[in-house]
Amino acid sequence: MSRIRIRDLFCLAVLVAIVGCDEKNLPETKDILNSFEMEIDDVVWTSPLINGDSCYSTFYCDYHGLEDSQTYTIHADGSPAETNDTGADDFLRLRIAFVEGPGTYYLTDPEESLISSCVLLIRTRNGESTFYRNVEGDFRNVVTIEEMMPSYNLSIDGIRGVFSGVLFNIDNPNDSVVIENGHFNFEYMMGTNYYRCSY
């Protein structure tokens, strides 16, 4: 009877040691700090992962300015999720100027002014491109910054919020696209770096 107990205890100790070793050898998980998504004309628009790595996706948030005049610019490359057409990459640039804290910001300035604006370039696989942008003075293009939080890696603030709007074809004012359900979270601020995870 005691031999069985000793054997059972020995097996249990070996099992605990194996499980303990496995836990130590598990890869360290990284938190995804940045996210970006939106819908264009009711179609979900996504930015693909780079080389299948969940820590790299084709969007980032750039920051410029002084403490009392902060500008955040979101850059995103992607395509409609339903097409999964990597040859039809679109490009969005959303610039929010004079950010003083959480609140509502309207993108009403001309794109060339380098102030608050939104532009979208839609490219198709056959090489055709259509350029859309906000109309000066149109208050339908709006960003709400819901939170400003310490950046994971720098002394500047990261941002989290929502956006929506209507952009017009620069060559045909009767052609427009509607952006809805835009969400962004940028806790990792690193210029043009596509990395978005904790270290």
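About the thresholds
Residues numbered from 1 in each chain as written. Predicted model: local features only at pLDDT ≥ 70, side-chain atom pairs only at ≥ 80, totals over all residues. Heavy atoms only, no water. Helix = DSSP H or I, 4+ residues; strand = E, 2+ residues; numbered from the N terminus. Contact = heavy atoms within 4.5 Å. Areas by Shrake-Rupley, 256 points an atom, 1.4 Å probe, with all protein chains shown as cover. Salt bridge = Lys/Arg side-chain N within 4 Å of Asp/Glu carboxyl O. Buried < 20%, exposed > 50% of the residue type's maximum accessible area, 1.4 Å probe, protein only. Core = buried A, V, L, I, M, F, W, Y, C linked by side-chain atoms within 4.5 Å. Pairing = 2+ DSSP bridges. pLDDT = per-residue confidence, 0-100. Phe/Tyr/Trp six-rings, centres within 6.5 Å; stacked < 30°, edge-to-face > 60°.

### With respect to the overall build of the chain
Right, so step 1: Helix and strand counts for the chain come out as 1 helix and 13 strands.
Right, so step 2: Element order for the chain, N to C, with α for helix and β for strand: α-β-β-β-β-β-β-β-β-β-β-β-β-β.
Right, so step 3: Put simply, 60% of the contacts in the chain that link residues at least 6 apart link residues at least 24 apart.
Right, so step 4: Roughly 11600 Å² of accessible area belongs to the chain as shown, and the carbon and sulfur atoms make up 53% of that amount.

### Some details on the pattern of salt bridges
Right, so step 1: On inspection of all chains with the given rule, the structure shows 3 salt bridges.
Right, so step 2: The shortest N-O distance in the salt bridge between Arg-160 and Glu-147 comes to 3.0 Å. On the criterion of sequence distance, the pair formed by Arg-160 in strand β12 (residues 157-169) and Glu-147 in strand β11 (residues 142-150) is long-range, its members being 13 residues apart.
Right, so step 3: For Arg-160, a relative accessible area of 29% puts it in the partly exposed group.
Right, so step 4: Here the residues in one salt-bridge network are Glu-146, Glu-147 and Arg-160, joined through shared partners.

### A closer look at the nonpolar core
Right, so step 1: With 31 residues, the main nonpolar core has Phe-36, Leu-94, Ile-145 and Phe-184 as its most contacted residues.
Right, so step 2: Among the secondary structure elements, those contributing two or more residues to this core are β1 (34-40), β5 (59-66), β6 (69-80), β7 (90-99), β9 (117-123), β11, β12 and β13 (176-186).
Right, so step 3: Grouped together as the second largest cluster of nonpolar side chains are 5 residues, Leu-33, Tyr-188, Tyr-195 and Cys-197 included.

### Here's the deal with the pairing of β1
Right, so step 1: Only one face of β1 is buried: it carries Asn-34, Phe-36, Met-38 and Ile-40, and the other face, with Ser-35, Glu-37 and Glu-39, is open.
Right, so step 2: Direction of pairing for β1 relative to β13: antiparallel, over a ladder of 6 bridges. Along β13, the bridge assignment pairs Asn-34 with Phe-186.
Right, so step 3: Counted between consecutive antiparallel strands, the loop separating β1 from strand β2 (residues 43-46) contains 2 residues, among which Asp-41 sits at a positive phi close to 50°.

### Describing the confidence of the model for the chain
Right, so step 1: Residues with a pLDDT of 70 or more make up 77% of the chain, whose mean pLDDT is 80.
Right, so step 2: Per-residue pLDDT stays below 50 along residues 82-88; that stretch engages in 11 contacts with residues further than four places along the chain or on separate chains.

### What to know about the pairing of β13
Right, so step 1: Sheet analysis places β12 next to β13, joined by 9 bridges and oriented antiparallel. Bridged to Phe-168 within β13 is Ser-176.
Right, so step 2: Taking the residues that link successive antiparallel strands as the turn, the β12-β13 hairpin has 6 residues.

### With respect to unusual backbone geometry
Outside of glycine, negative phi angles account for most residues, and trans bonds account for most peptide bonds.
Right, so step 1: In the Ramachandran plot, Asp-41 falls in the positive-phi region, its phi being about 50° despite a non-glycine side chain.
Right, so step 2: Turning to its location among the elements, Asp-41 is positioned in the loop between β1 and β2.
Right, so step 3: For Asp-41, a relative accessible area of 39% translates into the label partly exposed.
Right, so step 4: One non-glycine residue, Asp-42, adopts positive backbone phi at about 70°.
Right, so step 5: If you trace the backbone, Asp-42 turns up in the loop between β1 and β2.
Right, so step 6: For Asp-42, a relative accessible area of 61% gives the class exposed.

### Focus: the packing of aromatic side chains
Right, so step 1: The tally for this structure, following the rule as stated, stands at 11 aromatic pairs.
Right, so step 2: Here the aromatic rings of Phe-36 and Trp-45 are separated by 6.1 Å at their centres, their planes lie at 80°, and the arrangement is edge-to-face. Pair check on accessibility: Phe-36 and Trp-45 agree, each one buried.
Right, so step 3: Taken together, a centroid distance of 5.6 Å and an interplanar angle of 65° make the contact between Tyr-60 and Tyr-194 edge-to-face. With Tyr-60 in strand β5 and Tyr-194 in the segment after β13, the pair connects residues that are 134 residues apart, well separated along the chain.
Right, so step 4: For Tyr-60, a relative accessible area of 12% corresponds to the buried category.
Right, so step 5: One aromatic cluster is present, built from ring pairs that chain together Phe-36, Trp-45, Phe-59, Phe-163, Phe-184 and Phe-186.

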